[in-house]
Amino acid sequence: VKLLTQLFGDRLLIANATGCSSIFGGNLPTTPYSRNKDGLGPAWSNSLFEDNAEFGMGMRLGIEHHQAEAARLVDELAGSIGAELAASLLANTQPTEADIVAQRARVAELRQKLAGVDDPRARRLETIADELVRSSTWIVGGDGWAYDIGYGGVDHVMASGRNVNILVLDTEVYSNTGGQTSKATPLGAVAKFSAAGKPVVKKDLAMMAMAYGNVYVAQVAYGAKDVQVLRAFLEAESYDGPSLIIAYSPCIAHGIDLSNNLRQQNLAVNAGHWGLFRYDPRKAAAGENPLHLDSKEPSLPYRDFAMSETRFAVLERTHPEAAHRFMEAAQQQTMAKFHLYEQLAKLAVGEPPGGQSQG
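If you're wondering where the values come from, they're calculated on a predicted model, not measured in any experiment. (Residues numbered from 1 in each chain as written. Predicted model: local features only at pLDDT ≥ 70, side-chain atom pairs only at ≥ 80, totals over all residues. Heavy atoms only, no water.)

Undergrad: Explain the packing of aromatic side chains residue by residue, including any values.
TA: Enumeration over the complete set of coordinates arrives at nine aromatic pairs. Pairing F49 with Y174 gives two aromatic rings, centres 6.1 Å apart and planes at 55°, and the pair type is tilted. Placement of F49 in the loop between β2 (43-46) and α3 (52-76) and of Y174 in the loop between β4 (165-170) and α10 (205-210) is noted, with a sequence separation of 125 residues between them. Accessibility expressed as a relative area gives 22% for F49, which makes it partly exposed. Residue Y174 is classed as buried on the basis of its relative accessible area of 13%. Feature note: the residues F8, W138 and F233 constitute an aromatic cluster, connected by ring pairs. Across from the ring centre of Y151, 3.7 Å away, lies the NZ or CZ of K203, which sits over that ring. (Phe/Tyr/Trp six-rings, centres within 6.5 Å; stacked < 30°, edge-to-face > 60°. Helix = DSSP H or I, 4+ residues; strand = E, 2+ residues; numbered from the N terminus. Buried < 20%, exposed > 50% of the residue type's maximum accessible area, 1.4 Å probe, protein only. Lys NZ or Arg CZ within 6 Å of the ring centre and 35° of its normal.)

This is how it looks when you write it as structure tokens:
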């Protein structure tokens with residue numbers, strides 16, 4: 001979340017699901033969200049646990065409506081504000097930060113000209129002129145929301161084709177409500193409602209999202225590869241369509257010392273518990289494979305990672321036979337999943353049957 005605000009904070013809108021992230025994000029009268037020297041900062045709002053994706057989609061639709069209305073008014077008032085300024089305001093799609101800065105300067109010039117225009121449309125344009133600058137909409141929440149209770153809304157957003165970004169802070173358990181099992185809870189982990197270890201594997205939200213073909217998808221872990229995280233955020237935000245970033249987020253419910261947060265993330269990646277990859281639909285459009293693996297084949301036995309966390313290790317004491325069975329199954333499942341993603345990342349794309357390239 002800190003990285004999100006550092007990269008896009010001056011034009012960022014956040015729809016935050018109720019949960020841990022909303023507690024530290026909306027703990028008034030103090031707040032971690034701030035403004036820059038120009039007075040620009042994130043616009044943050046908290047929704048219910050179950051409808052945050054719909055809430056964020058509503059924010060995005062409102063922005064798009066204001067953008068369209070502002071563009072219409074600029075076109076109608078071109079004679080009063082200057083045809084050249086109007087054309088430049090409407091032509092700039094602002095793909096880079098430099099373009100966004102340039103657009104802000106144009107909007108400032110627009111406001112100066114509107115002050116001298118005696119027309120009700122000019123007063124209306126003054127209220128929404130800032131919407132001519134490209135904003136960045138992010139829907140933020142945990143795995144209990146994204147994988148479970150709010151999944152229908154998440155799926156709806158991904159299927160919409162809208163330019164909206166989803167950030168899932170995956171703790172692999174319902175953290176804020178007391179540590180109950182979620183569909184993100186891994187095989188063999190102990191949590192409320194899975195006291196003898198979760199008997200089924202974790203839901204693969206990333207694979208489900210990639211099935212759409214037009215959703216940017218990334219799975220990241222800051223403690224394992226920070227540069228990959230940065231690339232994923234920049235690529236997701238620049239993609240003109242839905243994007244999903246799933247971020248590994250160690251939690252007190254894992255039974256670890258959170259001062260070792262980054263180390264645990266690295267262990268999870270090295271053991272294959274958490275794969276790193278990016279899926280960019282723009283590459284498919286260019287005839288390239290859209291899936292890129294950013295982590296290597298697991299180099300650490302799964303058990304070495306699992307036994308460093310109480311959520312797995314406690315089963316050794318309470319149900320040793322089940323723990324042994326789960327660890328063997330988790331090791332096999334981890335390797336199978338890695339090789340599946342590895343094969344998908346190596347598939348040839350953009351060639352017709354017979355291997356001949358298109359003319």
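Undergrad: I'd like a description of helix α9 (residues 151-160), backed by residues and values.
TA: Those residues of α9 that sit buried are Y151, G153, V154, V157 and M158. When α9 is viewed along its axis, its buried side chains cluster within an angular range of 160° and face the same direction. Facing away from the buried side of α9, by more than 90 degrees, are the exposed residues G152 and H156. Along its buried surface, α9 packs onto α3, β3 (136-142), α8 (143-149), β4, α10 and β6 (243-248). (Arc of directions from axis to C-beta. Contact = heavy atoms within 4.5 Å.)

Undergrad: An account of unusual backbone geometry is requested, with residue identities and associated values reported.
TA: Most peptide bonds take the trans form, and the phi angle of most residues other than glycine is negative. Even without a glycine there, the phi angle at Q94 is positive, about 55°. Among the secondary structure elements, Q94 is positioned in the loop between α5 (83-91) and α6 (97-114). Under the relative-accessibility criterion, Q94 is labelled buried at 4%. Of note in the backbone geometry, E172 takes a positive phi value of approximately 65° without being a glycine.

Undergrad: Summarise the pattern of salt bridges; cite the residues concerned and give the values.
TA: One pass over the structure, following the stated rule, counts 25 salt bridges. Note that E126 is salt-bridged to R123, the shortest N-O span being 2.9 Å. With E126 and R123 both in helix α7 (residues 120-128) and three residues apart, this pair spans about one turn of that helix. By relative accessible area, E126 is classed as partly exposed at 25%. Note on R123: relative accessible area 32%, which makes it partly exposed. For R134, the salt bridge identified is with E237, shortest N-O distance 2.9 Å. Residue R134 is located in the loop between α7 and β3, and its partner E237 is located in helix α11 (residues 226-238); the two are separated by 103 residues in the primary sequence. Among the residues examined, R134 registers a relative accessible area of 15% and is labelled buried. You can call E237 buried: its relative accessible area is 5%. One network of salt bridges, with partners in common, ties together E69, R72, E76, D119, R121 and R124. (Salt bridge = Lys/Arg side-chain N within 4 Å of Asp/Glu carboxyl O.)

Undergrad: Quick rundown of the side chain of Q264? Include the residues and the values.
TA: By the element assignment, Q264 lies in helix α12 (residues 261-270). Of the residues examined, Q264 reaches a relative accessible area of 1% and is grouped as buried. Within the local environment of Q264, its side chain forms a polar contact with the side chain of S308, the two groups lying 3.3 Å apart. If sequence neighbours within four positions are ignored, Q264 has contacts with Y248, I256, F305, S308 and E309. (Polar contact = N/O pair within 3.5 Å; in protein donor to acceptor, adjacent residues only side chain to side chain.)

Undergrad: How would you explain the packing of α3 against α9 if you had to name every residue and give the values?
TA: Running from N to C, α3 and α9 point in directions that differ by 35°, and their axes come no closer than 7 Å. Crossing of α3 against α9: the hand is left-handed. Residue-level inspection shows A53, E54 and M57 of α3 in contact with α9, the latter providing G153, V154, V157 and S160. Considering only residue class, the contact of α3 with α9 consists of four nonpolar, two polar and one charged. (Axes fitted to C-alpha atoms, helices over the stretch in contact; angles between N-to-C directions. Left-handed = near helix turned anticlockwise from the far one by under 90°. Nonpolar A, V, L, I, M, F, W, Y, C, P; charged D, E, K, R; others polar.)

Undergrad: Outline the environment of L48, listing residues and values.
TA: Inspection of the secondary structure puts L48 in the loop between β2 and α3. Placed 18 residues apart in sequence, L48 and H66 show a C-alpha to C-alpha distance of 25 Å. Contact partners of L48, with chain neighbours within four places excluded, come to A17 and T18.

Undergrad: Hey, could you go over the sheet that holds strand β1 (residues 12-16) for me, with residue numbers and the actual values?
TA: Taking strand neighbours across the sheet as the criterion, the eight strands line up as β2-β1-β3-β4-β6-β5-β7-β8 in an open arrangement whose pairing is mixed. Since the sheet does not close on itself, it has two edges, and those belong to β2 and β8 (291-293), each with one partner. Each strand axis lies, on average, 15° off the axis of its neighbour in the sheet, ignoring direction. Examined bridge by bridge, β3 and β4 share five bridges and lie parallel to one another. (Pairing = 2+ DSSP bridges.)

Undergrad: I'd like a rundown of the packing of helix α15 (residues 310-318) against helix α16 (residues 320-346), residues and numbers included.
TA: Packing of α15 against α16 brings their axes to within 6 Å, and their N-to-C directions diverge by 135°. Classed by the angle they form, the pair α15 and α16 counts as oblique. Here F312, L315, E316, R317 and T318 of α15 lie close against α16, whose contacting residues are P320, A322, A323, H324, F326 and M327. Residues belonging to the contact of α15 with α16 are distributed by class as follows: seven nonpolar, two polar and two charged. (Parallel < 35°, antiparallel > 145°, perpendicular 65-115°, else oblique.)

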